[in-house]
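Tertiary structure, described
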Amino acid sequence: MASRTTRSSRHSIRWRERRRRSRICCCGFGSPRRRARPGSVTPWRASPRLKTRPKFSRGIGGTMRRSTGARISRSTTPMSSLFFSLDAMVAALFDCANRLFGIRMVLQPDIKVYHPDVKVYEVRETTSDGEDRLIGIFLHDNFARKFKQSGAWMSEFRTQTKNYASEAPLSQRVPIIINNNNFAKAKAGSPTLLSFTDAITLFHEFGHGLHGLLSDVGYQKVSGTSVLRDFVELPSQLFEHWLSVPEVLTKHARHVETEEPISEELLGKLKAALNFNKGFETVEYTSSALVDQSLHELKPANAEVCVDDLVVPIDVDITEFEKQGLERLQMPRGIVLRHRPAHFQHLFSTSGYAAAYYVYLWAEVLDADAFDAFVEQGDFFDQETAKRLRDNIYSRGNSEDPRELYRRFRGRDASIEPMLAKKGLL
């Protein structure tokens, strides 16, 4: 994203207000699991991944025709994208959410919204006494367009709370959640196709959406995604795993022309590509996180003037500091820091990631270990495990200590081995 420093004061005020309203803007900004490297801290913590990832081409070329008459470019469309149409992947999202948590996404085409591309859904579930209950409103804004913020993010127009007037109708009390993406919209009559990483982004952001929709706490201040930074990526990164579940792919990842499911061979290549160079990426990321923490351990020479809310300059040769830090870490000569300290904007443009750049890797430890709970049951949609997941992770917000919530779900602390195995490092 381009720098915002040249905006007028009027735009700055609007930007700050919009940033305040937007709680989660991610898909793993800066995460080592992402192929694209982040360039700078962006408003709303929006991921640069969609900015840097090649989008589905709409160029000219040979075509093949579906039975519906839709024309698809043969020469410019990656083979794998033909199995990941946007409509099919949205259906996969909703199917997984239904099988895990029992919720249904009911399209509401008559609700007026700010752009015709946006789809609105009522989120409903059947209670134990048979009542069909509204639990939230979900908006899906999937396409790039002029003047739309780049990247992918989740926001909350209304956060969940139980602190409301009892006479207020249910439609005015439930959370209103939106997922924004920036996929290239196909021309009329053609399906919008996604890359495999686009599909991961779709699942990732919907994981954040579920975190807001399934929240069940007393107060807005601690509801939904209002959790500690090193816990907020767990619901989103965890939900990504269901994209690769064989029964989900067999049902939803089907060729847009032939309806054939994606082959094991092609899927294996896609997964192998995601793990390419993981050793290098993990080292360059982890070294940046460790240097970040070392920087924030520095003390000013005149320590007695360091008090709350007082910024005390520290005289440090940043180049020498980096050199000594890398020597201490025994950094391989063939790998450099992902972010050199002098332009490490995660840390210095705001305080949001100060001493906290590690959180993405920690979130990977949590999501891999959490998904293993389903693997161990031999059922990716095991209902008892899914209930613990909803009761302790997706619904509790920041109402309890996240460490205790995770222990309650998993029965123990997270283990690092599933994350290493997922990266192909074991």
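Residues numbered from 1 in each chain as written. Predicted model: local features only at pLDDT ≥ 70, side-chain atom pairs only at ≥ 80, totals over all residues. Heavy atoms only, no water.

1. Topic: the confidence of the model for the chain
Low pLDDT means the predicted atomic positions in that stretch should not be read closely. Averaged over all residues, the pLDDT of the chain equals 81, while 78% of them reach at least 70. Under a pLDDT of 50 for its full length, residues 1–23 has, in the predicted model, 30 contacts with residues more than four places off or in other chains. When the criterion is pLDDT under 50, residues 303–307 qualifies, and its contacts beyond four places in sequence or with other chains add up to four contacts. (pLDDT = per-residue confidence, 0-100. Contact = heavy atoms within 4.5 Å.)

2. What to know about unusual backbone geometry
Within the chain, Phe147 stands out as a residue other than glycine whose phi angle is a positive 75°. Relative to the helices and strands, Phe147 resides in the loop between β5 (132–143) and β6 (153–158). Backbone geometry at Asn277 places phi at a positive 70°, although glycine is not the residue there. (Helix = DSSP H or I, 4+ residues; strand = E, 2+ residues; numbered from the N terminus.)

3. A look at the pairing of strand β7 (residues 176–183)
Counting buried residues in β7 gives eight out of eight residues, a clear majority hidden from the surface. Neither face of β7 is exposed, since Ile176, Ile178, Asn180 and Asn182 on one face and Ile177, Asn179, Asn181 and Phe183 on the opposite face are all buried. Where β6 meets β7, five bridges bridge the pair, whose relative direction is antiparallel. Opposite Arg158, over in β7, you have Ile176 as the bridge partner. (Buried < 20%, exposed > 50% of the residue type's maximum accessible area, 1.4 Å probe, protein only. Pairing = 2+ DSSP bridges.)

4. Details of the sheet that holds strand β4 (residues 119–126)
Pairing is mixed across the open sheet formed by five strands, whose spatial order is β3-β4-β5-β7-β6. The open sheet has two edge strands with one neighbour each: β3 (103–107) and β6. Within the sheet, the average angular offset between the axes of one strand and its neighbour, ignoring direction, is 30°. This element, helix α4 (residues 196–213), spans β3, β4, β5, β6 and β7 of the sheet and lies at about 170° to β7. (Axes fitted to C-alpha atoms, helices over the stretch in contact; angles between N-to-C directions.)

5. Focus: a nonpolar patch on the surface
A contiguous nonpolar patch, built from Ile111, Val113, Tyr114 and Phe157 and spanning about 380 Å² of accessible area, is present on the exposed surface. Relative to the helices and strands, Tyr114 is located in the loop between β3 and β4. What makes Tyr114 partly exposed here is its relative accessible area of 47%. (Patch = residues over 30% accessible without salt bridge, like charges linked within 9 Å, V, L, I, M, F, W, Y side chains within 5 Å. Areas by Shrake-Rupley, 256 points an atom, 1.4 Å probe, with all protein chains shown as cover. Salt bridge = Lys/Arg side-chain N within 4 Å of Asp/Glu carboxyl O.)

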